[in-house]
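Report on the structure
For reference, the chains in residue letters:
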Amino acid sequence: MDLTVVSYAVYLPAATGLTVWVARTLSRHGRLFLADVFGGDEKLADAVNHLLVVGFYLLNLGFVALWMKTGRSIGSITGVFDSLSVKLGTVLLVLGALHLVNVYALTRIRRRGLMEHEQRPPVRPQGWTAQAAPQL
């Protein structure tokens, strides 16, 4: 019996399950971060959160599908575990890398928003003050 099919049958549900679990976890716990990034705008944070989850699923499930193919026939149980460890490990690394890219981008957006907020005066200027005479 060719164990390549067994490898596929284990890999696909495991990789899909990991992708769904990571996406839900990031979505649930990232909502507060997104609300902070967007200045407390809950609707915008929820919309961006949903778009990030959809993009996350598309990228990761596409990668899972492309990475499923094994270039050689697997003839032993050891080969099944070897193939699964490489494939699932790579999927986990890709999930982690995409998460770090998202966090980096959102942190830059947040930092830019904080810098813009700090540059605005707390109250509207009401006039000009007289310039002090230079002291000699």
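Residues numbered from 1 in each chain as written. Predicted model: local features only at pLDDT ≥ 70, side-chain atom pairs only at ≥ 80, totals over all residues. Heavy atoms only, no water.

Attention now goes to the nonpolar core. Residues Tyr 11, Ala 15, Phe 56, Val 64, Val 80, Val 91 and Leu 95 are the most contacted members of the largest nonpolar core, which totals 13 residues. Those elements giving two or more residues to this core turn out to be helix H1 (4-37), helix H2 (42-67) and helix H3 (77-119). With 5 residues, the top contributor of residues to this core is H3. Setting aside its immediate chain neighbours within four residues, Leu 95 contacts Leu 18, Thr 19, Val 22, Phe 56 and Asn 60. By size, the runner-up hydrophobic cluster in this structure holds 6 residues, among which are Ala 35, Ala 45, Val 48 and Leu 106. (Core = buried A, V, L, I, M, F, W, Y, C linked by side-chain atoms within 4.5 Å. Buried < 20%, exposed > 50% of the residue type's maximum accessible area, 1.4 Å probe, protein only. Helix = DSSP H or I, 4+ residues; strand = E, 2+ residues; numbered from the N terminus. Contact = heavy atoms within 4.5 Å.)

Moving on, we get to the packing of aromatic side chains. Counted by the stated rule, this structure contains 1 aromatic pair. For the ring pair Phe 63 and Trp 67, a centre distance of 5.8 Å and an interplane angle of 15 degrees mean the geometry is stacked. Of this pair, Phe 63 and Trp 67 both sit in helix H2, separated by 4 residues, roughly a single helical turn. Residue classification places Trp 67 among the partly exposed residues on the basis of a relative accessible area of 30%. (Phe/Tyr/Trp six-rings, centres within 6.5 Å; stacked < 30°, edge-to-face > 60°.)

Between its first and last C-alpha atoms H1 spans 46 Å; for 34 residues at 1.5 Å apiece the expected length is 50 Å, and the two agree. Of all the bends in H1, the largest measures some 45 degrees and sits at Gly 30. Two residues or fewer after H1 comes Gly 39, characterised by a positive phi angle close to 65 degrees. (Expected span 1.5 Å × (residues − 1). Bend = angle between axes of the 7 residues up to and from the residue.)

What follows concerns the layout of surface pockets. Considered as a void within the structure, the largest pocket measures approximately 230 Å³ in volume. As for the largest pocket, its lining consists of 14 residues, and the residues nearest its centre are Leu 26, Gly 30, Leu 52, His 99 and Asn 102. If you list the elements that add at least two residues to the lining of the largest pocket, you get H1, H2 and H3. Top element by residues in the lining of the largest pocket is H1. It accounts for 6 residues. (1 Å grid on protein atoms, 1.4 Å probe; cavity = no way out; pocket = protein on both sides within 12 Å on 5 of 7 lines; lining within 4 Å. Points joined across faces, edges and corners; volume = space filled by probe spheres on them.)

The values reported here are purely geometric and, on their own, carry no functional implication.
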